[in-house]
2 protein chains.
Amino acid sequence: MELSASMERFVLHWGEMGTRWGVNRSVAQIHALLYLSPNPLPAEEIAEILGIARSNVSTSLKELQSWKLVRLSHALGDRRDHFTTETDLWQLLLTIVEERKQREIDPTLAVLRQCVDEAEDDPHTPKEVKRRMTRMLDFMETLTTWYRQMVRLPKGTLVALMKMGGKVAKLVS
Amino acid sequence: MELSASMERFVLHWGEMGTRWGVNRSVAQIHALLYLSPNPLPAEEIAEILGIARSNVSTSLKELQSWKLVRLSHALGDRRDHFTTETDLWQLLLTIVEERKQREIDPTLAVLRQCVDEAEDDPHTPKEVKRRMTRMLDFMETLTTWYRQMVRLPKGTLVALMKMGGKVAKLVS
DNA sequence: CCATTGTTTCCGTTATTTCTGAATAGAAGA
DNA sequence: TCTTCTATTCAGAAATAACGGAAACAATGG
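Residues numbered from 1 in each chain as written. Chains lettered and ligands numbered in written order. Predicted model: local features only at pLDDT ≥ 70, side-chain atom pairs only at ≥ 80, totals over all residues. Heavy atoms only, no water.

## Some thoughts on the overall build of chain A
- Of regular secondary structure, chain A possesses seven helices and three strands.
- For chain A, the α and β elements follow one another from N to C terminus as α-α-β-α-α-β-β-α-α-α.
- Rg of the C-alpha trace for chain A: 21 Å, well past the compact-globule value of 16 Å for 173 residues, more than 25% over.
- Counting only C-alpha atoms and orienting by the principal axes, one finds that chain A spans roughly 65 × 45 × 30 Å.
- For chain A, the proportion of contacts with a sequence separation of at least 24, taken over those separated by at least 6, is 52%.
- Averaged over its 24 positive side-chain charges, chain A has a centre that lies 6 Å from the centre of its 23 negative ones. (Helix = DSSP H or I, 4+ residues; strand = E, 2+ residues; numbered from the N terminus. Rg over C-alpha atoms; globule rule 2.2 N^0.38 Å. Contact = heavy atoms within 4.5 Å. Lys, Arg positive; Asp, Glu negative; His and termini not counted. Charge placed at Lys NZ, Arg CZ, Asp CG, Glu CD.)

Below you can see the structure in the form of structure tokens.
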């Protein structure tokens, strides 16, 4: 496959965005390419299209697989692995959020609990500081509780709720 | 100010999290420190506490100010600038989201529109690819529309909605 | 088995980012 | 005006991350 101008723009921009969110450029580019590609691509071809080393593609695909963003597939009569990514963007979003939660939010909650516990009866930590740590913990717990409930809803409900936008506010009043 | 063990843990972890989200370690550490600090801190003191160069603190504070996460303040009889950060975490979240939207989402939408336009009558871009670009654009527009409506609600309403959790789903059925 | 094809790992190189210390600029007070 | 205190800028050093190529490894088919 040869990239058209707009495909190239898409892929390059995605790579750029990746770096701003803590994902390296190659990884993000590969993800973008797979998202656009109508058919699964073998690593070799990804390397060619993006002009990066085959080994780099291998590493990046492993990374993407660890994020559950890329799946393996095979074509008849072809020994090579082919790769695809989720094309349902709602599902994609949920996967990314879930994965980041597990990798970053959960450990952060653990650290916060540890901080709050440790500070509890430590005379070196000012009262106000304890209060702020506790507030941060509570805040993040509120958000994750909300997240857990939202993620459990059927996807259709979720989409419908979002499309309602501000109208949900009526519920509160 | 001297950091207690739990304060140090908090600050270090925050720094670590920063790097995972595209914010550099010093910037995130300074933000964490200011969040904990009961009173505004001068740059000099921040440098001492965190053990980083004064110049680095200056740069990082500028960065934080550009994100609207840090404000300047002054103490009587002290020529030095002092710095504080938002302690209302809802407000903090909104600020970060708004800023990232402006810096990353809006430009991405622009690029996506450009991609879709350009691909429109370009024979080199397969039909399916066009469809996927369009789907991405629609998806991100749906999310930002939702965001714009949510952010307009009074903070109390927002909090209340979130605390309701999955119960809002009743609205849909 | 062996040859071939495909994949991953490893390590040195390159590129990028972050950080520091020195120099500079700017304010405030004497 | 001169001095002192504070803040910023900047060039290079240090640290980190990304990348490529070679070699090792694994799987398949003959």
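Back to the text.
## Some details on the interface of chain B and chain A
- Across the contact, 62 residues belong to chain B and 62 residues belong to chain A.
- Both sides of the chain B and chain A interface together cover about 6000 Å² of buried area, and 74% of this is carbon and sulfur.
- A:Glu118 is the salt-bridge partner of B:Arg9, the closest N and O atoms lying 2.7 Å from each other.
- Linking chain B with chain A are 18 residue pairs in polar contact (both at pLDDT 80 or more), by the criterion used here. (Buried area = accessible area lost by both parts, 1.4 Å probe. Salt bridge = Lys/Arg side-chain N within 4 Å of Asp/Glu carboxyl O. Polar contact = N/O pair within 3.5 Å; in protein donor to acceptor, adjacent residues only side chain to side chain.)

## Describing the relation of the copies chain B and chain A
- Mapping chain B onto chain A is achieved by rotating through 180° and translating by 0.0 Å along the same axis, at an RMSD of 0.1 Å. The transformation just described matches what one would write down for a two-fold rotation axis.
- Of all interface residues in chain B, 100% are interface residues in chain A too; the two copies therefore contact each other through one and the same surface. (Least-squares fit on C-alpha atoms with pLDDT ≥ 70 in both.)

## Digging into the domain arrangement of chain A
Residue and element names in this part refer to chain A.
- Structurally, chain A comprises domain 1 (5-85) and domain 2 (89-164).
- The contact between domain 1 and domain 2 buries some 730 Å² in all, and 61% of this surface belongs to carbon and sulfur atoms.
- At the boundary of domain 1 with domain 2, the tally comes to one salt bridge.
- Taking the shortest distance from any N to any O, the salt bridge between Lys68 and Glu99 comes out at 3.9 Å.
- Scanning the region where domain 1 abuts domain 2 turns up two residue pairs in polar contact (both at pLDDT 80 or more).
- For the side of domain 1 that touches domain 2, the class distribution of residues is four nonpolar, two polar and one charged. (Domains from an automatic or database assignment. Nonpolar A, V, L, I, M, F, W, Y, C, P; charged D, E, K, R; others polar.)

## Some words on a nonpolar patch on the surface
- Where nonpolar side chains cluster on the molecular surface, the patch consists of A:Leu171, A:Val172, B:Leu171 and B:Val172 and spans about 240 Å² of accessible area.
- On the accessibility criterion, B:Val172 (31% relative accessible area) is partly exposed. (Patch = residues over 30% accessible without salt bridge, like charges linked within 9 Å, V, L, I, M, F, W, Y side chains within 5 Å. Areas by Shrake-Rupley, 256 points an atom, 1.4 Å probe, with all protein chains shown as cover. Buried < 20%, exposed > 50% of the residue type's maximum accessible area, 1.4 Å probe, protein only.)

## So, the protein's contact with DNA strand D
- Around DNA strand D sit 15 residues in total, of which A:Asn24, A:Ser26, A:Ala53, B:Lys62 and B:Asp81 are the nearest.
- Close to the protein, within 4 Å, the atoms of DNA strand D belong to sugar or phosphate groups at a rate of 70%.
- A distance of 2.3 Å is found between a phosphate oxygen of DNA strand D and a side-chain nitrogen or oxygen belonging to A:Ser26.
- For DNA strand D, a base nitrogen lies 3.3 Å from a polar atom in the side chain of A:Arg79.
- Of all the secondary structure elements, the ones that give two or more residues to the surface near DNA strand D are α4 (54-66) of chain A together with α4 (54-66) of chain B.
- If one sorts the elements of the surface near DNA strand D by residue count, α4(B) sits on top with four residues.
- Within the surface near DNA strand D, the residues separate by chemical class into two nonpolar, seven polar and six charged. (Near = heavy atom within 4 Å.)

## Regarding the protein's contact with DNA strand C
- The full set close to DNA strand C counts 15 residues, and A:Lys62, A:Arg79, A:Asp81, B:Ser26 and B:Ala53 are the nearest of them.
- Restricting attention to atoms of DNA strand C within 4 Å of the protein, one finds that 68% of them are sugar or phosphate atoms.
- Within the side chain of A:Arg79, one N or O atom sits 2.7 Å away from a base oxygen of DNA strand C.
- For DNA strand C, a base oxygen lies 2.8 Å from a polar atom in the side chain of B:Ser55.
- The set of elements that each furnish at least two residues to the surface near DNA strand C consists of α4 of chain A together with α4 of chain B.
- Among the elements that take part in the surface near DNA strand C, α4(A) stands out by supplying four residues, more than any other.
- Looking at the surface near DNA strand C residue by residue, the class counts come to two nonpolar, seven polar and six charged.

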